[in-house]
Amino acid sequence: MSDVLELVDVSVVRDGRALVEDVSWSVKEGERWVILGPNGAGKTTLLNLASSYLFPSTGTATILGDQLGGVGTDVFELRPRIGMAGVAMADKLPKRQTVLQTVLTAAYGMTATWNENYEAVDEERARAFLDRLGMTEYLGRRFGTLSEGERKRTLIARAMMTDPELLLLDEPAAGLDLGGREDLVRRLGRLARDPYAPSMIMVTHHVEEIPPGFTHVLMIRQGKILAAGPMETELSSRNLSRCFGLPLIVEHTGDRYTAHGLPLS
Ligand SMILES: Nc1ncnc2c1ncn2[C@@H]1O[C@H](COP(=O)(O)OP(=O)(O)OP(=O)(O)O)[C@@H](O)[C@H]1O
Ligand SMILES: [Mg+2]
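Predicted, not measured: the structure shown is a model, and the values here were computed from it. (Residues numbered from 1 in each chain as written. Chains lettered and ligands numbered in written order. Predicted model: local features only at pLDDT ≥ 70, side-chain atom pairs only at ≥ 80, totals over all residues. Heavy atoms only, no water.)

Caption draft 1: Fine view of the sheet that holds strand 4 (residues 58-63). Spatial ordering of the open sheet is given by 2-1-4-5, a layout of 4 strands whose pairing is antiparallel. Taken across any chain shown, the strands that pair with only one partner, and hence form the sheet edges, are strand 2 (17-28) and strand 5 (66-67). Here strand 1 (residues 3-14) pairs with strand 4 via 5 bridges, running antiparallel. Counterpart to valine 8 in the pairing with strand 4 is threonine 60. (Pairing = 2+ DSSP bridges. Helix = DSSP H or I, 4+ residues; strand = E, 2+ residues; numbered from the N terminus.)

Caption draft 2: Inspection of the pattern of salt bridges at higher detail. Tallying each qualifying case throughout the model produces 11 salt bridges. Across the salt bridge formed by arginine 127 and glutamate 123, the nearest N and O atoms sit 3.0 Å from each other. Remark: glutamate 123 and arginine 127 occur in helix 5 (residues 120-132); sequence separation between them is 4 residues, near one turn of the helix. We classify glutamate 123 as partly exposed; its relative accessible area is 27%. Where glutamate 148 meets lysine 152, a salt bridge forms, and the shortest distance between an N and an O atom there is 3.4 Å. Here the residue glutamate 148 and the residue lysine 152 both occupy positions in helix 6 (residues 148-160), the gap between them amounting to 4 residues, near one helical turn. Under the relative-accessibility criterion, glutamate 148 is labelled partly exposed at 37%. According to the relative accessible area criterion, lysine 152 is buried, its value standing at 10%. (Salt bridge = Lys/Arg side-chain N within 4 Å of Asp/Glu carboxyl O. Buried < 20%, exposed > 50% of the residue type's maximum accessible area, 1.4 Å probe, protein only.)

Any link to function would need more than the numbers given here.
Here it is as structure tokens:
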């Protein structure tokens, strides 16, 4: 299986401080990864590297076979092959655009809409992705008026529009109520188990948000990788406790996880 992402000894340094340090990590085709770690650990920084919007200060990052900064790598050709849904993206999108336009513009690699008519085939795709995420009733709504959950689902549909080989999700369930979270986890689980779906990397703060079908976990603390590997072995109470710096117990029930601290004695 070929590498979707390969980081070798990657550090990103800003203002003399390493945001991530000596990170070596590889994601193979078909794998679905979850990234866990405390606030400020470097999770979004890893996604920014994976999306080719951030280059390593030292080390090498190879995405879908292209090395960042390497000879023959054109990030403008690489970026449409990667779908990214995160808070930073939401802020860049025009609030007055409709939900359908918001998703459609992704097909043209733009955050704004323009006057030209879109191809009917693209509109059909946009409608299909929005339908898959339960957004059919919102096609004509302005993006700026959506609730947190509706916005998250629109962004995921948008990230799927270019038919990416790699899909990056930064805290897709943050801000959702319990029903909204369960709905999204179910939809992401369905996507994760679809053999034609792209490779996926999802950042989350809560093991409860890990969709069934996700295969691997990476834990990061203070810019350094603590654990990376198959979910069954690496998502342990020991690793999670080290990652968050307090005693935690992880429980696995059916195809879902929960975590909690030790009871007061
Ligand atoms: N451009 C920058 N210049 C300086 N420091 C930065 C820059 N971008 C991020 N940082 C810092 O790097 C660290 C890692 O940031 P990152 O956004 O990757 O964390 P995170 O794990 O995604 O956290 P959260 O869970 O809060 O989203 C943080 O301490 C952040 O303040
Ligand atoms: Mg983050």
